[in-house]
Amino acid sequence: MLGFSLNQVTMSEAPLNALLETAVHLGCVGVELRNDLGRPVFDGMKPDQAGTLVRDHGIRLLGLSQVYPFNRWSDEIENEVKALIEIACDAGAETISLIPCNDGSRTDKASRSADLMRALDGCLPLLEEAGLVALIEPVGFERSSLRLKSELASAIVSLDAQHRVKIVHDTFHHTLAGEGAIYPELTGIVHASGITDPAIAIEQMKDDHRVLVNVHDRLGNLAQIDALANAGYTGLISFECFAPEVRNLADPLSAISQSIDFISTRAQQKVA
């Protein structure tokens, strides 16, 4: 049975405690917290205090985002990964998130492969030492240096890194990439958001268009969730909505609850 999670960007304007209380009321398994919201991570709390606060709410600190661009490996990026790992371990987070470069550079196949392998070679010893998992999210924009899950999956398997590196299946980026392939056995989490604006073409879709999943969704969230579950995925669906109208909702609890109900009642697989 699949379960739900809440990514902090979906309630980016809310204090940490309000996010946690909402997650509890929604029946979420846990939350993913972020360092890129324009304010101190954990709202300035020490990592161990933040981790205790999450657990005191009876939920899990599923992950901590993010290092960008992880596949432009350098001493600076290595230090950022080390710092994020340290914070994650202090807080008791289960994963860290690594995001590929999306500036349009080094997007040819040879460069993509070389950059990814170099970054993974640098990250793996750090993850092994910490006993931590990294979630890597292929980003479907044409300017992305890692669009295809197949390339990431191949690299993970070639390095025998399945225990330390997992794929983020993002329903938005999956649609933009147009690849179709799914890797349930390598998937660490599903990020769900919907696009409901009928006027924009797929190649025009941006993060700010990403709303909660409902009956007007154009990304095929239900089909993607069913495909993953039918192929053996048993993990979590985490709401990651960047649209300002979602991030500024006066009553996020009701809105997210409606989206959970929609997915739960329409998906073929059991979700709760």
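Residues numbered from 1 in each chain as written. Predicted model: local features only at pLDDT ≥ 70, side-chain atom pairs only at ≥ 80, totals over all residues. Heavy atoms only, no water.

Draft legend 1. Local environment of the overall build of the protein chain. Looking only at helices and strands, the protein chain has nine helices and eight strands in total. Each of the three principal axes of the protein chain carries a C-alpha extent, and together these read 45 × 45 × 35 Å. Sorting the 272 residues of the protein chain into buried and exposed places 53% on the buried side. Approximately 11400 Å² of the protein chain is accessible, and the part contributed by carbon and sulfur atoms is 49%. (Helix = DSSP H or I, 4+ residues; strand = E, 2+ residues; numbered from the N terminus. Buried < 20%, exposed > 50% of the residue type's maximum accessible area, 1.4 Å probe, protein only. Areas by Shrake-Rupley, 256 points an atom, 1.4 Å probe, with all protein chains shown as cover.)

Draft legend 2. Expanded view of the sheet that holds strand S3 (residues 60-67). Sheet architecture is closed into a barrel: eight strands sit in the order S1-S2-S3-S4-S5-S6-S7-S8, paired in parallel fashion. On average, each strand axis in the sheet is inclined to that of its neighbour by 30 degrees, with strand direction left out of account. Strand direction decides the pairing type here: strand S7 (residues 187-192) and strand S8 (residues 236-239), joined by three bridges, are parallel. Following the sheet pairing, His191 is matched in S8 by Ser238. Across the face of the sheet, helix H3 (residues 75-91) comes into contact with S3 and strand S4 (95-98) while running at roughly 165 degrees to S3. (Pairing = 2+ DSSP bridges. Axes fitted to C-alpha atoms, helices over the stretch in contact; angles between N-to-C directions. Contact = heavy atoms within 4.5 Å.)

Draft legend 3. H3, seen in detail. Compared with an ideal rise of 1.5 Å per residue, which puts 17 residues at 24 Å, H3 spans 24 Å between its outermost C-alpha atoms and is within 8% of the ideal. All of the buried residues in H3 are Ile77, Val81, Leu84, Ile85, Ala88 and Ala91. Looking straight down H3, one finds its buried side chains confined to an arc of 135 degrees; they lie on one side. The exposed set on the far side of H3, more than 90 degrees from its buried face, consists of Asp75, Glu76 and Glu86. Buried positions along H3 lie against helix H2 (47-56), S3, S4 and helix H4 (109-130). (Expected span 1.5 Å × (residues − 1). Arc of directions from axis to C-beta.)

Draft legend 4. Fine view of the nonpolar core. One finds Leu6, Val31, Val81, Ile96, Leu98 and Ile263 to be the most contacted residues of the largest nonpolar core, which totals 71 residues. Considering each element in turn, this core owes the most residues, seven residues, to H4. With sequence-adjacent residues up to four places away left out, Val81 is seen in contact with Val67, Trp73, Ile96, Leu98, Cys123 and Leu126. Of all hydrophobic cores here, the second largest spans nine residues; its members include Phe141, Phe172, Leu176 and Met205. (Core = buried A, V, L, I, M, F, W, Y, C linked by side-chain atoms within 4.5 Å.)

Draft legend 5. Quick look at the environment of Ile77. Relative to the helices and strands, Ile77 resides in helix H3. Residue Ile77 is classed as buried on the basis of its relative accessible area of 5%. The sequence separation of Ile77 and Phe141 amounts to 64 residues, and the corresponding C-alpha distance is 22 Å. Setting aside chain neighbours within four positions, we find Ile77 in contact with Val67, Tyr68, Pro69, Phe70 and Arg72.

Draft legend 6. How the structure looks around the environment of Cys89. Tracing the chain through its elements places Cys89 in helix H3. Here the alpha-carbon distance between Cys89 and Gly131, two residues 42 residues apart in the chain, equals 8.9 Å.

Draft legend 7. Looking closely at the packing of aromatic side chains. The full count for this structure, using the stated rule, is two aromatic pairs. Ring centres 5.6 Å apart and planes at 10 degrees place the aromatic pair Phe4 and Phe239 in the stacked group. Residue Phe4 is found in strand S1 (residues 3-7), and its partner Phe239 is found in strand S8; the two are separated by 235 residues along the sequence. Between the aromatic rings of Phe141 and Phe172, the centroid separation amounts to 5.9 Å while the plane-to-plane angle is 70 degrees, which identifies the pairing as edge-to-face. Here Phe141 is found in the loop between strand S5 (133-136) and helix H5 (149-158), whereas its partner Phe172 is found in helix H6 (residues 171-177), with 31 residues between them in sequence. Residue classification places Phe141 among the buried positions, given a relative accessible area of 10%. (Phe/Tyr/Trp six-rings, centres within 6.5 Å; stacked < 30°, edge-to-face > 60°.)

Draft legend 8. Geometry of the environment of Gly38. Relative to the assigned elements, Gly38 resides in the loop between strand S2 (30-34) and H2. Sequence separation between Gly38 and Phe262 is 224 residues; the distance between their C-alpha atoms is 31 Å.

Draft legend 9. View of the pattern of salt bridges. According to the stated counting rule, one finds twelve salt bridges in the structure shown. Measuring nitrogen to oxygen at the nearest pair gives 3.6 Å for the salt bridge that ties Lys82 to Glu78. Of the two residues, Lys82 and Glu78 both sit in helix H3, four residues apart, roughly one turn of that helix. In this structure, the salt-bridge partner of Arg210 is Asp170, at a minimum N-O distance of 2.8 Å. (Salt bridge = Lys/Arg side-chain N within 4 Å of Asp/Glu carboxyl O.)

Draft legend 10. Quick peek at the pairing of S8. Where burial is concerned, the two faces of S8 agree: the one with Leu236 and Ser238 and the one with Ile237 and Phe239 are both buried. The sheet contact formed by S1 and S8 spans four bridges and is parallel. Along S8, the bridge assignment pairs Gly3 with Leu236. Regarding the hand of the β-α-β motif, the stretch spanning S7, helix H7 (residues 221-230) and S8 is right-handed. (Right-handed = clockwise from strand over helix to strand, strands pointing away.)

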